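Here is how the chains run, residue by residue.
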Amino acid sequence: MAYKIIIRRELLVNLPSLDEGEFGYSTDTQELFIGSSNGNISLAKKSDIPNETGSNISVSEDNGFIIVDGEELQVYNDQAILEALDLKANIEDLPATFVTINDDSISDNEAWSASKLTTEFDSKATTSHTHSLSNLTDVDATDRTNGNALQYDSEQQMFVSKSLPQGNGNGATSLNGLTDVDVSTIPPSQGHVLSYEDGIWKPIKSEGIPTDGVTSDDILLSIQGEWKVSPSRGTFAIELSRWGIETGFPEKPYVEEDYYKAKGNVDGINDALMHAFEAGYSEVILPKGDYSICYPYEILPQDYQTLNLGGSTLKVMYDSDSRSPFDTSSNGTHRFGGNTISFRNVRNAHLKNGRIIGCKYERSFIHSEERWVEWTYGVLLTGGSSYCSVSNCYVAGYMGDCVSFSSTGSVRTGTSGQGNHQVVGYVDNSEGNVIEDEEANSVVSALITIPRENGENISPILSLSGQGYSRTTNILSKRFDVYYYSNGDYLGRLTNNKVHAPVTVPPLATHFRMVYIGETNASKNMQIFINYGGVHHNLVEYNEIVDGHRGGITPGGSYNVIQYNELRDNGSSNGWMHGGVPTFPDSTRYGINQEDSYGDNTIIRGNHIYGSFHGMLIGVYSAFIENNVINNCGWGIRVYGMEYGHISGNYIQTGNPITSSGTSLLGAIQVIGNYCNGNIVLGNASYECIVQGNHVIGGGLQVANGMCEGNYVILKNGQSGTLEGDNIKRNKFIGMGEEHSSLMIYGAGPEVLEGNEFHNVKIDIFKYSGHLTVKNCTLNRCIVTTSSRSDMEVFTLNIKGCDIFDTQLIARGGVNSDAGLRTRMNISNSTLSISDGYENSYFVMAGTNIAQAVEINIENCVLQTDKHDLETISYSSNLNINSLSLSIKDTTIEYTGEGMLETQFNSREGTIHTGILADVIYKNVIIGGLVGDKYSFHNPDNSVSKNVSLELVDTIYKATVIHDLQTLNPFISIKKDTGELVTPSIFILDNKTVEIISNDDMEINVFIKRV
């Protein structure tokens, strides 16, 4: 059988110390080494041995050297030989009387006689002597059967030659005895190797195994009988000793050696990552353990590489009261900071499966300003990193954020002298020339050079971002055109690009200009950063983000996804839970916040956030916030500076679940299908909002601009909410509990409530002027009340087309002030019903002691009740005379109980200023107390009732009546003062005047109605 011997092979830098007699081959320098007790020895190449032909070789005076063509060449090292000889006896070590031992001519010294020397030497072994096992007293090797092995026999207390035991698995002496090896299906033959398949090792032919260019880092695969080098080298396991990495956390007080060990861990991990990257490994795994790290040194994942922490814990060693040897600043020791893992200008790099602990728990906070520190971060994605991810990690205890993004590209520049070298004008589309034109509605920038690296553009894309707090730039329209050039030659243009959106850079382009759309000031500073590359399409998922001092995660850049993370106690006020750590002093504390690193199209979904001051603070061009759970926070989701926000399917148990601040953009926000505990407040009119299909518990709907439709609002046990907005339609408001819950409508509240249902709620209207229309609504067991006040402004409440059951309608007009109208309540085309079991005994109520302060008009309605003891149609809570004017027109008043209902017009007759009952249909109802001039039984809007005395003119009696009803076809009824109907002659003079002529002298009442 022939065997192939393959020796160890590595890059020279990775070649380890070889065992004595072990060969090793350097694949990059093509050198051969052999191991020795003194380290690796390089063996000479054939090319290093001089060719005898033509060479001049001579003896050197230096031992171990020869002279070849005039140069000393070492052929051996005699140092080891000399050191060994020094251990041997020399002739000088013998007694002075001893002369020679080659013959008998020696001294007379008996102690060293020849015979004595002979005797001594005879007892010594010769230099060529040998030993065998039979010479050893604790070995019995008499049984020399083939295959025997020495096994210790405890009874004989020696090693004895015996045959090995047979068996399966452990103790087997052949492959056939191993349970995971099959050598029976395919009997092994010359050249076979074992291949692992379906849990069993089987013999296969080894022909075709590649050797050229194959290194120890390569993985060989047998694919359909053909051996191939795997295109990916799979997982690279970091050898701690090889890379100088040590486990364990030091204890305070730290010494300098602790810091250098922590730095060595970071350096070792980075060296291993770089080696794995260069060797083509797709994954690097750190053995599970505890590893100390320190600022300012960062772990740096490489392109197309996964760093698998393997369940390890990385912990920052930090002492805010003692200066680190790596802190070279003169700042307070507590200000020293840094990052732990940074993705810097990498693509497709990934981090997973580890615990990363920051410096927060190591700080003393004895410095009063230490609570303001916010510049330490656990994981940072920056410098144009894209398509990267952080997953399945526990990141906790950093002063800034546990995970943070920066929107900075791989290269960020400004424009050359912003506000300088710009002109009002445009760029010619065909030639690319700048045309100055003071009438143009655009400004052209200076020519901008595209950064290049290794002869190519630094990035295939660019984008514009704002400087400082001008995150969307100072360009009014946020739109711009780009014109590209190649060393002066015009290439073409890309038009109507948006700030923060990627713009393609042509490979041949070397320069470009921008045209700012809608600008007319050439000296204006547009406050622009140009990002080449950008932080985009990154993913943070399935992580536990805990106890960030200011916050948990700060997304940045565009098209990034934050999903399925648990964010706990970030930006919390509960420092007592961690040994009294003080709270970050600013209110901008959060679970998730994208603000400074402005971007576009951020997706935040499926996260659980609790224990933070703010759940989310989101200020980006656009964001999609979906299916998150937020509880035990001061605020839920707060958006601002947006062009578009979509907030849907979130479960929010906070006091302020969804709120907004202003935007300089034409903003739009959709709030759809969320469950919220508290008010939804989108109170900034710069957003056009759609609030739809939400469940709101214990709050209201405040939408300054937009539509609230199809929401379900529940108020429990006296809770209150606020209604605000111009378009609140088809919502349902339900109060639960014996006590009415309150919906409050303020001056900025709606002008129309349409198609809504209100059940067991009190609607408190705090408007002091203007009007509110409640249209096509249902009010069931509610209280609707206007506000009391002393000013002379008039507020009108219009109730139209509503179904009203067991509900108090209260018009308040104020107290203790000058006479005059304050509140008008108009009820039309509605049904008002009172049940027999309802506790109140009236349909409408006036609450005022100011004369003529309240006016209630009921028209084209149905007032219906089966309450047999209904006391009155209207109720006055105060005794002041003439405080209420009540009119009921074209209305049916019906009693549906048994018998007749006798009731009153008002509970306090003296409070009526005027009372009108016009065109009323009474069904089983008698209304008493309608006596006096204050009561009228016609509708003054379409009829006139006048008492007229006829005057004698010649021989007849006549009277002219001016009615001003603008009709030529009025209905006219005339009665004597006795109530008898009479029929004198009537003449229509014009659309506002009639003349009555009679032969009799009489006092009459003329009733005229417009038909």
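Residues numbered from 1 in each chain as written. Predicted model: local features only at pLDDT ≥ 70, side-chain atom pairs only at ≥ 80, totals over all residues. Heavy atoms only, no water.

As annotated in an unreviewed UniProt entry, the chain is Right handed beta helix domain-containing protein from Salipaludibacillus neizhouensis.

Asker: Can you walk me through the sheet that holds strand β87 (residues 951-953) in this structure?
Answerer: What links the strands of a sheet is backbone hydrogen bonding, and the strands pair in either a parallel or an antiparallel sense. One open sheet holds the four strands; their spatial order is β87-β88-β91-β90, and the pairing between them is antiparallel. At either margin of the open sheet sits one strand with a lone partner, and together these are β87 and β90 (985-990). On average, each strand axis in the sheet is tilted by 35° relative to the strand beside it, whichever way the strands run. Judged from the three bridges that link them, β87 and strand β88 (residues 956-962) form a sheet pairing that is antiparallel. The residue bridging Glu951 from the neighbouring strand is Lys958, located in β88. (Pairing = 2+ DSSP bridges. Helix = DSSP H or I, 4+ residues; strand = E, 2+ residues; numbered from the N terminus. Axes fitted to C-alpha atoms, helices over the stretch in contact; angles between N-to-C directions.)

Asker: Mind showing me how you'd approach the nonpolar core here?
Answerer: Soluble globular proteins: nonpolar side chains tend toward being buried together. Of all hydrophobic cores here, the largest spans 142 residues; its most connected members are Phe343, Leu351, Ile618 and Phe758. Tallying contributions element by element places helix α3 (residues 256-279) first for this core, with eight residues. In this structure, this core is formed jointly by two domains, domain 2 (256-324 + 333-408 + 535-633) and domain 4 (646-755), each of which donates at least three residues. When near neighbours in sequence (up to four residues on either side) are disregarded, Ile618 contacts Ile592, Gln594, Ile604, Ala623, Ile625, Arg638, Val639, Tyr640 and Met642. Val424, Val499, Ala509 and Tyr621 belong to the second largest nonpolar core, which has 24 residues in total. (Core = buried A, V, L, I, M, F, W, Y, C linked by side-chain atoms within 4.5 Å. Buried < 20%, exposed > 50% of the residue type's maximum accessible area, 1.4 Å probe, protein only. Domains from an automatic or database assignment. Contact = heavy atoms within 4.5 Å.)

Asker: Could you clarify how one ought to interpret the pattern of salt bridges in this entry?
Answerer: Once the charged atoms of two side chains with opposite charge are near each other, the side chains can pair. Enumeration according to the criterion identifies 31 salt bridges in this entry. Across the pair Lys867 and Asp869 runs a salt bridge whose closest N-O atoms are separated by 3.7 Å. Assessed through its relative accessible area of 7%, Lys867 is described here as buried. Among the salt bridges present, the one from Asp919 reaches Lys1009, with a minimum N-O distance of 3.2 Å. Placement of Asp919 in the loop between β82 (912-918) and β83 (921-923) and of Lys1009 in strand β92 (residues 1003-1009) is noted, with a sequence separation of 90 residues between them. Residue class for Lys1009 comes out partly exposed when judged on its relative accessible area of 21%. Among the charged side chains, a salt-bridge network with shared partners connects Glu246, Glu257 and Lys261. (Salt bridge = Lys/Arg side-chain N within 4 Å of Asp/Glu carboxyl O.)

Asker: I would appreciate a short explanation of the sheet that holds strand β89 (residues 971-976) in the present structure.
Answerer: The sheet built from three strands is open, its strands ordered β86-β92-β89 with antiparallel pairing. Taken across any chain shown, the strands that pair with only one partner, and hence form the sheet edges, are β86 (943-949) and β89. Across this sheet, the average inter-strand angle for adjacent strands is 20°, counted without regard to direction. Examined bridge by bridge, β89 and β92 share six bridges and lie antiparallel to one another. Paired with Phe971 across the strands is Lys1009, a residue of β92.

Asker: Would you mind going over unusual backbone geometry with me for this structure?
Answerer: Negative phi characterises most residues that are not glycine, and trans characterises most peptide bonds. Cis geometry is found at the peptide bond from Lys252 to Pro253, where omega equals -5°. Tracing the chain through its elements places Pro253 in the loop between β15 (235-237) and α3. If you check the backbone angles, Lys478 has positive phi at about 60° while not being a glycine. Summarising the element assignment, Lys478 is placed in the loop between β31 (461-466) and β32 (479-486). We classify Lys478 as buried; its relative accessible area is 9%. We note that Asn632 has phi near 55°; this positive angle belongs to a residue other than glycine. Classification of Asn632 by relative accessible area gives exposed; the value is 54%.

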